[in-house]
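# A look at the structure
Spelled out, the chains give:
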Amino acid sequence: MRRPLIAGNWKMNTNVAEATNLAQVMLAELDEISGVEKVLCPPFVSLASIKGLIKGMSIELGAQNMYFEDKGAYTGEISPLMLIGLCDLVILGHSERRQYFAETDEIINKKVKKALEFGLKPILCVGESLEDNEAGRTGEIITQQIRAALTGVNSTSQLVIAYEPIWAIGTGRAATGKQANATIGLIRNTVASLWDIETAQAIRILYGGSVTGSNIAEFIAEPEIDGALVGGASLKADDFLRIVSQTAAIKST
Ligand code: 13P
């Protein structure tokens, strides 16, 4: 049985005061929900403050990005050495990083290796554009992204993958549960062919893209979908709590 995981990606929203406030509003209730791994991914500058707030709670922190070098003259970058001890997970290869910051599959591959080397669990994001989706190339694109990101990476159940179709991110146009389940099944098969069936069955694969408290049930009910990477709705305490509590309820039955 895979432990469901819900991660809130706050993206480039909230200053430190707003982030600690948002966390404070939901922490007590979030902590009470069992059966789901709960992860908050605030901006870098708020990780330390929120880490103080979640002490002793069943809540984890994730970073939204990371560089692939340990240290040195890389002005403005954040190294894995700065993240260890501060958070447990790190989002890598988000489509916004690929699109706006020119992250290639090769860069993402280096980041995945580096995160694992330092014991940070990568949440590796993959997803196809609307154009590729409409041209029927989803399977091909996703398979290629997974293969490239995992080149030379040893089999590990620590890896988390998020399938986030670009056309569903921030658009209010989520994939259907069935669509997402089919692509996530394909991702699992790709991992099985690269690594082994046991590991492919053990890793968590999430859906992301316009997930809300109103549609989470459709995704969570699907057998291949182990949780969600939530953007906009994770900035609303009520909605995020609803997503996590519904996940706990559905996956426990
Ligand atoms: P939205 O939930 O806002 O569509 O964002 C999804 C996402 O990109 C999470 O990483």
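Residues numbered from 1 in each chain as written. Predicted model: local features only at pLDDT ≥ 70, side-chain atom pairs only at ≥ 80, totals over all residues. Heavy atoms only, no water.

## A short note on the pairing of strand β7 (residues 204-208)
For β7, the buried fraction is high: five of the five residues fall into the buried class. Burial of β7 is two-sided: the residues Arg-204, Leu-206 and Gly-208 facing one way and the residues Ile-205 and Tyr-207 facing the other way are all buried. Sheet analysis places strand β6 (residues 160-163) next to β7, joined by four bridges and oriented parallel. Across the sheet, residue Ile-161 finds its bridge partner in β7, namely Ile-205. The pairing of β7 with strand β8 (residues 227-230) spans two bridges and is classified as parallel. (Buried < 20%, exposed > 50% of the residue type's maximum accessible area, 1.4 Å probe, protein only. Helix = DSSP H or I, 4+ residues; strand = E, 2+ residues; numbered from the N terminus. Pairing = 2+ DSSP bridges.)

## Concerning helix α2 (residues 44-53)
Taken as a whole, α2 has its buried residues at Ser-46, Leu-47 and Ile-50. Buried residues along α2 cover an arc of 125 degrees about the axis, so they all sit on one side. (Arc of directions from axis to C-beta.)

## Details of the environment of Ala-175
Within the fold, Ala-175 resides in the loop between β6 and α8 (177-194). You can call Ala-175 buried: its relative accessible area is 5%. In contact with Ala-175, other than residues within four places in its own chain, are Pro-165, Trp-167, Ala-168, Tyr-207 and Phe-219. (Contact = heavy atoms within 4.5 Å.)

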